[in-house]
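Now for the letters of each chain:
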Amino acid sequence: MLKPRAYLASAVAAVVVCLSSYSAPASAGNDGVVRLKSVYPIGETISRLKNDIAVKGIVFFSEVDQSQLAAGAGIALRPSVLLTFGNPPLGTQFITSNPNAGLDWPVRLLVFESEKGEVWTAYTDFGWIARRHGIKNREAQFKMASEVIASITSSVTRK
């Protein structure tokens, strides 16, 4: 059985592998991940995203500094921060259609720095989430969620 520290190190190592091997498409690929390049440094990108989330009245749940967690496990990781947020009246409708959709809600938005020093945002495409969970009766809600995340990320993709 793995000890908690070994488990954390294994999880962080998996994130390192994923981030170091990504390609950067402009829209969701077969993996369902949408990646968008920020025009701001990572700190300002996170600040702008959190501000836009707040201005829209969306509930902000957490900010997880994955590079700090990695450092605590003795692993070097480029800056990587996971933001979680959501609008319960909207997001919980996905879960009422299929409880497994709770795996993808609240919204997770990853902000990370590439090996080239570029800052990227990444999130799971809502259409992909609908297909993943076989949800066919919440089209309007998925459309709205897609529009909201596009609006939030637009706060860092252009000056």
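Above: the structure in question.
Residues numbered from 1 in each chain as written. Predicted model: local features only at pLDDT ≥ 70, side-chain atom pairs only at ≥ 80, totals over all residues. Heavy atoms only, no water.

K.L.:
I tried to follow the environment of Ser155 on my own but got confused; where do I start?
P.N.:
Along the chain, Ser155 falls in helix 6 (residues 139-157). Here Ser155 falls in the buried class, since its relative accessible area comes to 15%. The sequence separation of Ser155 and Arg48 amounts to 107 residues, and the corresponding C-alpha distance is 6.6 Å. For Ser155, the residues in contact, after removing those within four places along its chain, are Tyr40, Arg48, Leu49 and Asp52. Reaching out from Ser155, the side chain makes a polar contact with the backbone oxygen of Ile152 at a distance of 2.6 Å. (Helix = DSSP H or I, 4+ residues; strand = E, 2+ residues; numbered from the N terminus. Buried < 20%, exposed > 50% of the residue type's maximum accessible area, 1.4 Å probe, protein only. Contact = heavy atoms within 4.5 Å. Polar contact = N/O pair within 3.5 Å; in protein donor to acceptor, adjacent residues only side chain to side chain.)

K.L.:
What's the story with the sheet that holds strand 3 (residues 80-86) in this structure? I'm lost.
P.N.:
One key point about sheets: their strands pair by backbone hydrogen bonds, in either a parallel or an antiparallel sense. Strand order in this open sheet of five strands is 1-5-4-3-2, and the pairing throughout is antiparallel. Single-partner strands in this sheet number two, and they are strand 1 (33-37) and strand 2 (59-65). Neighbour-to-neighbour, the strand axes of this sheet turn through a mean angle of 20°, independent of strand direction. Along the sheet, helix 2 (residues 42-55) contacts strand 2, strand 3, strand 4 (107-113) and strand 5 (119-124); its crossing angle with strand 4, the most-contacted strand, is approximately 160°. (Pairing = 2+ DSSP bridges. Axes fitted to C-alpha atoms, helices over the stretch in contact; angles between N-to-C directions.)

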